[in-house]
Structure formats: C-alpha cells, structure tokens
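# Breakdown of the fold
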Amino acid sequence: MKITFIGLGNMGGGMAANLVKAGHEVHAFDLSAETLARAAENGCATYTSVREAVHGAEAVVSMLPNGAIVNSVYGADVIGHAPASALLLDCSTIDVDTARTVADAAKAAGYAMVDAPVSGGIAAANGGTLTFMVGGSDDAFTRAEPILSAMGKAVIHAGASGAGQAAKICNNMILGATMIATCEAFALAEKLGLDLQTFFDISSKASGQSWSMTSYCPVPGVGPASPADNGYQGGFAAALMLKDLKLALEAAQGVGAKVPMGTRAEELYAAFTANGNGGSDFSAIIKTL
Ligand code: NAD
C-alpha cells in the first residue's frame, strides 16, 4: 500500500519504519531535514512538501505535535490534495474538538478519517507495540485496523470521531495522577523506614498496584527497568504529560466534568516543567516529593 507519513519525529520515525518493514511503500514528509534523512535510512521515500507526499496516496498517517498543526496541515495540504479514496489517520495527541473539526472537514470532502492516538512511548513506537485508540465510523475503523496493526500490539475502536482522543486523555489523566500518588507513597515509605524494594514487592501485589508502580516504577533500581534507571531520561517527557493533562482539563471544562485529581496533577506537572524539568521523564517528579 502507498502510505504517506507526515511527522517522523520521536514517535513517527519508528512508526513509519514499521510500515516499511510490513511491506508498505512509505512516502515521508517532515519539516526537519535531519528527521527526513533518518526516514530515508529506514526505507522511506522523502518529499519536500506535504502536497507532493500525498500525491497518489492510498492512506495518509500523521504524527504531529498538536491540534493547531494537525488542523493546518490537513486543511491546507491534505484535504483536497490527497486522492479522495485515501484513508486519513491522525495518530497525534490533540484536543477532541479539533479532532472532530478536522474529521468533519475531511468527510465533507469525501474522505474517511480516523483519530488514532497511541499509548506507549518511543520504545513501543520503535518496537511496533503501541496501543491505538481509534475514533471514526465502523467502515473507517475496518480500513484503518490493518495499517495500525503494523505499528502496534492493540487497535481498539473507541467510538465515533474524537472518541480516540477522548480515551487517550482520560487514560493519561489516570496516568498523571497515579504516577504522582506512586511517587508520594515511595517518598513516605522511605521516611517511615521501609526498604523500597520491599515496599515495591508488597504494593505491586496489593491494592496500591498500578501501571505507574509495576511497569514504570519511579525509584531507581526498584521494579522493572524504567527511565528512573536511566537518570530519568528517555521515556515520556514531563512536558508531554503536562500537554495531555491540559487537554483533559480543557475537555472536562467543555462538558462540565469535575476532575479534582486531574486538576492537581496538572498543577504539579506545570510547576515541575516551569522549573526546567520539561525534558525529563514524567516519573522524575518524584524528586520534588
Ligand atoms: P516530535 O516533536 O519528536 O515529532 C513531531 C514531528 O513533527 C517533528 O519531527 C516535527 O519536525 C514535525 N512537524 C512539526 N510540524 C510539522 C508540519 N507542519 N509538517 C510536517 N512535520 C511537522 O514529537 P513526538 O514525541 O514524536 O510526538 C508526536 C505526537 O505523539 C504528539 O502529539 C505527542 O503528544 C504524541 N505522543 C508522544 C509520546 C512520546 O512518548 N513521545 C507518546 C504518546 C503520544
């Protein structure tokens, strides 16, 4: 299949490489020449504009930083320029309203489109083990599934357009809050004189268990290998966690939902990134507790 890939950064680079490995002809565009050179090394054909890259595409996949960029790239250079038969898949994490607006504009021009944000970081993008949460019609989902499966271990239909983004921000609101709660508990355990490995052994098998505890333990040398063991580098940047929490709060405000834990998590990550820690892994917030 001829697939155009737009935005081959930390996440998109590995995802596009996995599409190539699955036998697809990948046509890549990114604003960064360095990123495009890496895409070429991974077997992608590279282009100097979105319009050239989407020419003749059977599917267009994007992995871009935010909603404003997704809106402008699709509005200016994808919709009306890719063949109307092309399936459009936006895998970026963006706000629900923009996801719906872009999908509506695409549908009005005759395209099928899904929002398909991911769970899993750079390692999962490289390893083809992402989880995709997909918003769109049944038909669009059926067409999207085999393409997304080449980049992930799970592809789940969340509902209509925007539902993928809704699932993603709700999921990450849990993640932000549970990471802080897990960090607090380790800090308290230490002050109470508990051995931290022992506390992990107990809590990871007790009711304090969560992904933040068992798969991503914020304490160096405790639990499975995680960014804590690597000086809190790599992994999921605190700035991206803050971005997702802001999207969750914005969405909550839009529908009048009460999210006190999400609100507190956003405040703590905002303070953490304002102190110059935006590039650290989000589990590094333990250092402030
Ligand atoms: P990134 O900054 O590494 O990559 C984004 C790429 O988009 C860059 O290469 C940039 O040059 C390119 N780009 C920006 N504007 C463009 C434009 N107008 N046209 C073409 N290319 C353009 O970011 P990332 O870490 O790969 O994240 C991408 C998306 O994935 C974000 O929405 C992020 O929230 C989401 N996400 C990231 C992670 C993670 O762990 N990094 C995990 C899950 C989801």
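This structure is a prediction, so every number in the text was calculated from the model and none was measured. (Residues numbered from 1 in each chain as written. Predicted model: local features only at pLDDT ≥ 70, side-chain atom pairs only at ≥ 80, totals over all residues. Heavy atoms only, no water.)

For the rest of this paragraph, the subject is the overall build of the protein. Scanning the protein from terminus to terminus reveals twelve helices and nine strands. Computed over the C-alpha atoms, the radius of gyration of the protein is 20 Å, within 12% of the 19 Å expected from 2.2 N^0.38 for a compact globule of 289 residues. Taken along its principal axes, the extent of the C-alpha atoms in the protein is 65 × 45 × 35 Å. For the protein, the exposed area adds up to about 12600 Å²; of that, 56% sits on carbon and sulfur atoms. Measuring between centres, the 16 positive side-chain charges of the protein sit 2 Å from its 25 negative side-chain charges. (Helix = DSSP H or I, 4+ residues; strand = E, 2+ residues; numbered from the N terminus. Rg over C-alpha atoms; globule rule 2.2 N^0.38 Å. Areas by Shrake-Rupley, 256 points an atom, 1.4 Å probe, with all protein chains shown as cover. Lys, Arg positive; Asp, Glu negative; His and termini not counted. Charge placed at Lys NZ, Arg CZ, Asp CG, Glu CD.)

With that settled, the discussion passes to the side chain of D244. Counting through the fold element by element, D244 comes out in helix α11 (residues 238-255). Buried D244, no salt bridge; nearest opposite-charge side chain is K168, N-O distance 4.1 Å. Setting aside chain neighbours within four positions, we find D244 in contact with T93, K168, I169, N172 and F236. (Buried < 20%, exposed > 50% of the residue type's maximum accessible area, 1.4 Å probe, protein only. Salt bridge = Lys/Arg side-chain N within 4 Å of Asp/Glu carboxyl O. Contact = heavy atoms within 4.5 Å.)

With that settled, the discussion passes to the domain arrangement of the protein. Considered domain by domain, the protein is made up of domain 1 (2-160) and domain 2 (166-288). Computed from C-alpha atoms alone, the centre-to-centre distance between domain 1 and domain 2 is 28 Å. The interface is formed by twelve residues belonging to domain 1 together with ten residues belonging to domain 2. For the pair domain 1 and domain 2, the summed buried area comes to about 800 Å², and 66% of that belongs to carbon and sulfur atoms. If you sort the residues of domain 1 by the area they bury against domain 2, T93, V96 and M133 come out on top, with a joint share of 49%. For the pair domain 1 and domain 2, the number of links is zero salt bridges. Summed over the shared surface of domain 1 and domain 2, the result is three residue pairs in polar contact (both at pLDDT 80 or more). (Domains from an automatic or database assignment. Buried area = accessible area lost by both parts, 1.4 Å probe. Polar contact = N/O pair within 3.5 Å; in protein donor to acceptor, adjacent residues only side chain to side chain.)

All right, on to the pairing of strand β1 (residues 2-6) then. Taken across its five residues, β1 has four buried, putting it largely inside the fold. Bridge count for β1 against strand β2 (residues 25-29) is five bridges, and the pairing is parallel. Looking at β2, one finds that F5 is bridged to A28. After leaving β1, the chain enters helix α1 (residues 12-21) and then returns to the sheet as β2, a path that is right-handed. Note: β1 against strand β4 (residues 59-62), four bridges, orientation parallel. Directly across from I3, in β4, lies its bridge partner A59. (Pairing = 2+ DSSP bridges. Right-handed = clockwise from strand over helix to strand, strands pointing away.)

In the region of the ligand, 25 residues are neighbours, and N10, M11, D30, L64 and K243 sit closest. Residue D30 places a side-chain N or O atom 2.6 Å away from an oxygen atom belonging to the ligand. A distance of 3.0 Å is found between an oxygen atom of the ligand and a backbone nitrogen or oxygen belonging to T93. Summarising the interface, the protein chains cover 85% of the accessible area of the ligand, which totals 840 Å² for the free molecule. Of all elements in the fold, only α4 (67-78) and α11 reach the threshold of two or more residues within the shell around the ligand. Residues belonging to the shell around the ligand are distributed by class as follows: twelve nonpolar, ten polar and three charged. (Near = heavy atom within 4 Å. Nonpolar A, V, L, I, M, F, W, Y, C, P; charged D, E, K, R; others polar.)

So, about the packing of aromatic side chains. Throughout the structure, instances matching the rule amount to six aromatic pairs. Here the aromatic rings of Y216 and F282 are separated by 5.3 Å at their centres, their planes lie at 45 degrees, and the arrangement is tilted. Of this pair, Y216 sits in the loop between α10 (211-214) and α11 while F282 is found in the segment after α12 (260-277), placing the two residues 66 residues apart along the sequence. As far as burial versus exposure is concerned, Y216 and F282 are alike and both buried. When the centroid spacing of 5.6 Å and the interplanar angle of 75 degrees are considered together, the rings of F236 and F282 count as edge-to-face. One end of the pair, F236, is in the loop between α10 and α11; the other, F282, is in the segment after α12, and 46 residues separate them in sequence. (Phe/Tyr/Trp six-rings, centres within 6.5 Å; stacked < 30°, edge-to-face > 60°.)

Here we take up unusual backbone geometry. Unlike most non-glycine residues, Y232 shows phi in positive territory, near 60 degrees. Structurally, Y232 can be placed in the loop between α10 and α11. Relative accessible area serves as the criterion here: at 7%, Y232 is assigned to the buried category.

The next thing to look at is the pattern of salt bridges. Within the structure shown, the criterion is met by three salt bridges. As a salt-bridge pair, R51 and D77 come within 2.8 Å of each other at their nearest N and O atoms. With R51 in helix α3 (residues 50-54) and D77 in helix α4, this residue pair connects regions lying 26 residues apart in the sequence. With relative accessibility at 43%, the residue R51 sits in the partly exposed group. Between E266 and K246 there is a salt bridge; the shortest N-O distance is 2.8 Å. Of the two residues, E266 is situated in helix α12 and K246 in helix α11; the sequence distance between them amounts to 20 residues. Look at K246 and you get partly exposed, because its relative accessible area is 42%.

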